[in-house]
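So you can see what is in the structure, the chains are spelled out below.
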Amino acid sequence: MPISRRAFMKAGGLALVSLGADPLFVDRAAYALRAQLGHVPSGKTLVCLFQRGAVDGLSMIVPAGDPWYWRDRQRIAVGKDDLVSLDGMFALHPRLATLKPLWDRGSLAVVHAVGSPSATRSHFDAQDYMESGTPDRKSTTSGWANRYCQHAHEHAETAFRAVAFGPQLPRILAGSAPALAIDDLRTFGVRTARAEGNDRLTRAFESLYEGAATGLVATSSAEGFEAIKMLKTANPTALPPANGAVYGRSKLATSMQQVAQLIRADLGLQIAFVDVGGWDTHVNQGAGQGQLATRLDELGQALSAFTTDLGDRMRDVVVLTMSEFGRTVKENGTGGTDHGHGTAMMVLGGGVRGKQVFGRWPGLAPDARHEGRDLAVTTDFRALFGEVLTGHLGATDLSAVFPEFVPGPRLGLFG
Amino acid sequence: MPHVPGLRLLPLLLAAPLAAQAPSNALDSARHALNRLGYGPTPGQVEAVAREGVLRWVDRQLGFGDLRDPALASREADFAVLRTSRREMVALHTDQVTRALRAQAQGADSATIERMRAEARALSRTGERDLRTLNAELQSVTLLRAVASERQLGEVLADFWTNHFNVYIAKGFDRAYFADYLERTIRAHALGRFEDLLVGTATSPAMLFYLDNVQSVADTTAVTAQATRRPAANRPAQRPGQMPRPAVPVRPGERGQAMDPAMVEQLRARMPRGLNENYARELLELHTLGVDGGYTQDDVIHVARILTGWTIDRRGDHGFQFLAAAHDRGAKTVLGQAFPAGQGEAEGRALLAMLARHPATMHHLSAKLCARFVADAAPDGCIDDAVRAWKRTDGDIREVVRAIVHSPDFWAPSAMHAKTKTPLEFVVSAVRAVGGTPDGTPRLAQQLQRLGQPLFSQVTPNGYPETSAEWVNSGALLGRMTFAVALASNRLPGVTVQLDRIVPSTSDPEALLESVNRTLLGGAMTARTRNAIRAELRDISDPRAARALAVGLALGGPEFQRQ
């Protein structure tokens, strides 16, 4: 097992400290100093938004120019007049109309027929593969986003470098690089029944750990207390939405708002992870209205509010949506769709060359389908994710992030 | 009694007080044994085990004495999941799927669905309980057992094997199979023979489904037992894992029910095609030989071919079924051993017997047990002792664990407090330390989930990690502090504690500190911790508030994170 810098730092932390040369602490102290002086360079941020449950990419980004879409989806095809046309061939679902201005401004790109080379139709396996970054290989223990953090050192290592919104650290951020799981920024930290006791209790635990903890427990607790302090100083949750942005009331909207708060507070956020469920529409999926439309409405609202809120800072922020696979071309007997293969993903913000649908469109004709029934995959998700890591975050070597993957020609998402 | 190196410590360990050797005294060794072979001491237990003699306690834990636990048994009776059969769970699962299908379903015959629902209800003695509730109960009762059971080593080993043979409870049909798997496969053999565990898991519907062996059929190019008959679309046993409509007949007209042709086509498209290597690979890599166990990709393929046809009887009680039609009849070779053509199910049985006794398996499992019981980096000496016991007893888990406990490495001063607790170990040991009682609701399990280790919910087949590097992260540590403070102030949902039983309320901070150090930290409180807690107590006048704070800080502090 390769020893990452992080694991080495943690395990050997004591020895290094005794020599006065723990580079992690040096990095961090330098960063904290810059932060106090207000000289933090605005780094780049990647926000990964996972649509868990397999979104119907054909409803999200509708291939309106493909006749098979209309033939095989008599009941669930989105009404022609309601579609928000993008480029003649593709159109947005009407409940994503809030994203059309972003498309028009050139800050939204779509990759269609993207997905995993694995043929699995299990949510569980496919999500696992998309987060580990190693399709069909179950034994990988770490996530690709964590491996990126382990091997890319150009970014300042703050406690907020990698943050997942949710009660547990998701697979995508599992690994030896530090990553925070935050269910809700407003309640992060050591908490008691009475809020006024929290500061004091935090200080008490901090002095306890400063004196007595060793090794891993010591460095991890130091990171935790540092995060609490950074939050207290920067107070990101006090930042109201800017530019008149209106977030909805969904959990997704709250998480996206808190991602924006972390970015605006300059806490050194490089990779944020947010997930949202409700896409497994086997039954009664709906068309322009209905179950899926409601989910898409929440998604569009949250993304639109997020970009409005961040305004010019969206230059440094990319939102990448992903989902474990797509759904069947043909509607099923219960007004829904079943587990499929290729889907659509969106890339929003940063220097993305927007107003384009990337990826080769394989067509929906039966003989072009994967296993005769699903949208084929023409772009490996690792090619897309890798291009975002290089094009947006400036990654140079992805061999450890997506091992054994050799990307084909670039999509050309970034200039 | 067989000779093992650790026995030279026996007189020391049985006598109290002990001479100044490792372990330094009877209380320390009792506490160490309770921490490693159990989930930490309850109030007064260190003293009781020391009085009894720690190795006598270990022997009782290993089942050589009378270890009945009527108090726990009576509480277990409250959990309906323990009285619910796999068949009933399947019926509930099917019922849920049916209900989903029924909503606005146009292709299915509503009278049929209504009948199926009625059958599902009739099969279930649990009335309105649904699968989610029952599986939440399984988490609750598992935590209750860990906290309250007298058979602490049994509970630790049950957790070890549940994790070693990990199955994700929320994967499709495993929602229905898992409780049966835990109770009748894992727990039934946790202190038995390794081979029984291996065969039990290999033939369990839970594992067959989780690692997709149900989908593995002979390649079309291979000769099957009934070569002329391709697996037919309406064979329930061969439907692939994730398919969410088991109760719906596939062929139109079968049993006279109408089916949407589109759905039939979709189901056909999901029929298994060929070999699925998932289980074969994990069987070698995780369950037996270990990743460095000397097998090749060819071995994986041959193991998968041997196990084609090992599937689930979905027409019956969803138990194990060998389906000859899906079995590859060709000859195979695994690790140099020939498996002649056409032996059917016997090939797999022979394979498992070989794997259970393979030297790489003995070493892999011994090292993993030593990592659990002794140190993250398992010392070679205790691994050797464990392997010798394994060979001598043909994989009797009790004897292997005994050998580890009798190994000098187990009692070495360097092993004491050397391991960081997992979230599960932290939660259970904290509740035990304050004499807490779980109320049986899912709330304690939810706390554990928040700390990052939801029971039975590890998605990947390698289970939860054994080493501290994987568990200690900043958010999780802060969560542990919050948990400790809530527990100490009796505000933790799902548990009631009575601090009066363990730490007397006193207005003397030094007496309080000493009492907390002795009962909760086993005297391991450092001077820095003592000073830090003392400083916090300075301006607190209410003795009860002071006690809650001191206990909370001690349980949330660094010493208590170790075992």
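Residues numbered from 1 in each chain as written. Chains lettered and ligands numbered in written order. Predicted model: local features only at pLDDT ≥ 70, side-chain atom pairs only at ≥ 80, totals over all residues. Heavy atoms only, no water.

Undergrad: Help me understand the overall build of chain A in this model?
TA: What chain A contains, in helices and strands, is 13 helices and 12 strands. Counting the 415 residues in chain A, one finds 60% classified as buried. The contacts in chain A between residues at least 6 apart in sequence include a share of 73% that link residues at least 24 apart. Summed over its atoms, the accessible surface of chain A is roughly 15,200 Å², and 53% of this surface lies on carbon and sulfur atoms. (Helix = DSSP H or I, 4+ residues; strand = E, 2+ residues; numbered from the N terminus. Buried < 20%, exposed > 50% of the residue type's maximum accessible area, 1.4 Å probe, protein only. Contact = heavy atoms within 4.5 Å. Areas by Shrake-Rupley, 256 points an atom, 1.4 Å probe, with all protein chains shown as cover.)

Undergrad: Looking at this structure, how should I read the pairing of strand β5 (residues 108-115) of chain A?
TA: The side chains of a regular strand alternate, first on one face of the sheet and then on the other. Residue and element names in this part refer to chain A. Buried residues dominate β5, accounting for eight of its eight residues. Taken together, the five bridges between β5 and strand β10 (residues 343-349) define a ladder with antiparallel strand orientation. Across the sheet, residue Ala109 finds its bridge partner in β10, namely Val347. In this structure, β5 lies alongside strand β11 (residues 356-358), joined through three bridges in parallel fashion. Residue pairing across strands places Val110 opposite Val357, the latter belonging to β11. In this structure, β5 lies alongside strand β12 (residues 379-380), joined through two bridges in parallel fashion. (Pairing = 2+ DSSP bridges.)

Undergrad: Quick question: what am I supposed to make of the side chain of A:Ser250 here?
TA: All names here are of chain A. Tracing the backbone through its elements, the reader meets Ser250 in the loop between α10 (215-234) and α11 (251-264). When its relative accessible area of 13% is taken as the criterion, Ser250 is described as buried. For Ser250, the side chain forms a polar contact with the main-chain nitrogen of Ala253, separated by 3.1 Å. (Polar contact = N/O pair within 3.5 Å; in protein donor to acceptor, adjacent residues only side chain to side chain.)

Undergrad: Just checking my understanding: could you explain the nonpolar core for this structure?
TA: As a rule of thumb, soluble globular proteins bury nonpolar side chains together. In this structure, A:Phe160, A:Met256, A:Phe306, B:Trp161 and B:Phe373 are the most contacted members of the largest nonpolar core, which totals 218 residues. Not counting chain neighbours up to four residues away, the residues in contact with A:Phe160 comprise A:Leu180, A:Ile182, A:Ala227, A:Met230, A:Leu231, A:Leu262, A:Leu267, A:Gly268, A:Leu269 and A:Gln270. Formed by 41 residues, the second largest nonpolar core is a distinct cluster that contains A:Cys149, A:Ala162, A:Leu389 and A:Leu398. (Core = buried A, V, L, I, M, F, W, Y, C linked by side-chain atoms within 4.5 Å.)

Undergrad: What's the story with helix α21 (residues 423-433) of chain B in this structure? I'm lost.
TA: At 3.6 residues per turn, the α-helix brings residues three or four places apart onto the same side. Residue and element names in this part refer to chain B. Most of α21 is tucked away, with 11 of its 11 residues classed as buried. Residues of α21 that are buried include every one of Pro423, Leu424, Glu425, Phe426, Val427, Val428, Ser429, Ala430, Val431, Arg432 and Ala433, and no others. Immediately beyond the C-terminal end of α21, within one or two residues, lies Gly435, with a positive phi of roughly 65°.

Undergrad: Please explain the confidence of the model for chain B as it appears in this structure.
TA: If pLDDT is low for a region, its predicted coordinates should not be looked at in detail. Residues and elements named next belong to chain B. Per-chain confidence: chain B averages 84 in pLDDT, with 79% of residues scoring 70 or above. Note on residues 1-23: pLDDT is under 50 here. Beyond four places in sequence and across chains, it has 46 contacts. Note that residues 123-128 has pLDDT below 50 and, in this model, 10 contacts with residues that lie over four places away or in other chains. This complex was scored by the predictor with a pTM of 0.78 and an ipTM of 0.79. (pLDDT = per-residue confidence, 0-100.)

Undergrad: Would you mind going over the pattern of salt bridges with me for this structure?
TA: Pairs can form between side chains of opposite charge whenever their charged atoms are close. One pass over the full model with this rule turns up 59 salt bridges over all chains. Between A:Arg52 and A:Glu131 there is a salt bridge; the shortest N-O distance is 2.8 Å. With A:Arg52 in the loop between β1 (45-51) and α4 (57-60) and A:Glu131 in helix α7 (residues 123-132), this residue pair connects regions lying 79 residues apart in the sequence. Here A:Arg52 falls in the buried class, since its relative accessible area comes to 17%. Note on A:Glu131: relative accessible area 4%, which makes it buried. When the shortest N-O distance is used, the salt bridge between A:Asp104 and A:Lys100 registers 3.1 Å. Here A:Lys100 and A:Asp104 lie together in helix α6 (residues 100-104), a separation of four residues that amounts to about one turn. Each of B:Asp159, B:Arg372, B:Asp376, B:Lys419, B:Glu425 and B:Glu466 takes part in salt bridges that share partners, so that together they form one network. (Salt bridge = Lys/Arg side-chain N within 4 Å of Asp/Glu carboxyl O.)

Undergrad: Can you help me understand the interface of chain B and chain A in this one?
TA: Reports often express the size of an interface as the amount of accessible area lost when the parts come together. With 64 residues of chain B at the interface, the matching set in chain A holds 54 residues. Both sides of the chain B and chain A interface together cover about 4,700 Å² of buried area, and 60% of this is carbon and sulfur. Linking chain B with chain A are four salt bridges. A salt bridge links A:Arg200 to B:Glu536, with the nearest nitrogen and oxygen atoms 3.0 Å apart. At the surface where chain B touches chain A, the tally comes to six residue pairs in polar contact (both at pLDDT 80 or more). (Buried area = accessible area lost by both parts, 1.4 Å probe.)

Undergrad: In this structure, what is going on with the confidence of the model for chain A? I would like to understand it.
TA: Predicted confidence across chain A gives a mean pLDDT of 87, with 89% of residues reaching 70 or more. Counting contacts from residues 1-42 of chain A, a segment whose pLDDT is below 50, to residues more than four positions away or on other chains yields 55 contacts.

Undergrad: How do you make sense of the pairing of strand β8 (residues 271-276) of chain A when you look at a structure like this?
TA: Residues and elements named next belong to chain A. Across the six residues of β8, five count as buried, placing the element largely inside the fold. Relative to β8, β1 runs parallel, the two being bridged by six bridges. The residue of β8 that forms the bridge with Leu46 is Ile271. With three bridges connecting them, strand β6 (residues 162-165) and β8 associate as parallel partners. What sits directly across from Val163, in β8, is Ala272.

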